[in-house]
Amino acid sequence: QGPLIPIATKLLKKNEQQAAEYIARWNGGGKYQVAGPWNDQHVVDINQMICTCRKWELIGIPCRHAIATWSEMTDNREMVGELYTWVHKVDLLDTWKVVYDFKFKPIKGRAMWPKSD
């Protein structure tokens, strides 16, 4: 249930919990500087939907830095939509339903196949 496939939902929730420890600051345009508890810093570009940690662009699910940015934007009342809209469409449940909507026609057993020359 929900808009995402189960594994994407699980990863998103995990990243959401970790994002609570990060602080995002607007750097102009669509870029944010995100600082974490272990002195790690990354840049999130929301226009291109990428982060310098590269996880968002590699797996299509917002990393903790992107989620911290989303949270900051939401707190500032920016119209960013629901968090799941930041997930790549390949992880949407509706996409999977379309992909696996086809039906296989049943076939006879191998012994009943016609012989070919």
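Preceding block: the structure.
Residues numbered from 1 in each chain as written. Predicted model: local features only at pLDDT ≥ 70, side-chain atom pairs only at ≥ 80, totals over all residues. Heavy atoms only, no water.

> In this structure, what is going on with the environment of Pro62? I would like to understand it.
Following the sequence through the fold, Pro62 ends up in the loop between helix H2 (55–59) and helix H3 (64–75). In contact with Pro62, not counting residues within four places along its chain, are Leu12, Asn15, Trp56, Ile67, Trp86 and Val87. (Helix = DSSP H or I, 4+ residues; strand = E, 2+ residues; numbered from the N terminus. Contact = heavy atoms within 4.5 Å.)

> I would appreciate a short explanation of the pattern of salt bridges in the present structure.
Side-chain pairing between opposite charges can occur once the charged atoms of the two side chains come close. Under the counting rule described, the total for this entry stands at one salt bridge. The salt bridge partner of Arg54 is Glu57, with a shortest N-O separation of 3.8 Å. Given a relative accessible area of 44%, Arg54 falls into the partly exposed group. (Salt bridge = Lys/Arg side-chain N within 4 Å of Asp/Glu carboxyl O. Buried < 20%, exposed > 50% of the residue type's maximum accessible area, 1.4 Å probe, protein only.)

> Sorry if this is basic, but what is going on with helix H1 (residues 6–19) here?
Within an α-helix, residues lying three or four positions from one another point in the same direction, as the helix has 3.6 residues per turn. The end-to-end C-alpha distance of H1 is 20 Å, a good match for the 20 Å that 14 residues give at a rise of 1.5 Å each. Every buried residue of H1 is accounted for by Ala8, Leu12, Asn15 and Ala19. Angularly, the buried residues of H1 cover 65° about the axis, an arc narrow enough to put them on a single face. Exposed side of H1, more than 90 degrees from the buried face: Pro6, Ile7, Lys10, Lys13 and Gln17 are the residues found there. As for H1, its buried residues are in contact with H3. (Expected span 1.5 Å × (residues − 1). Arc of directions from axis to C-beta.)

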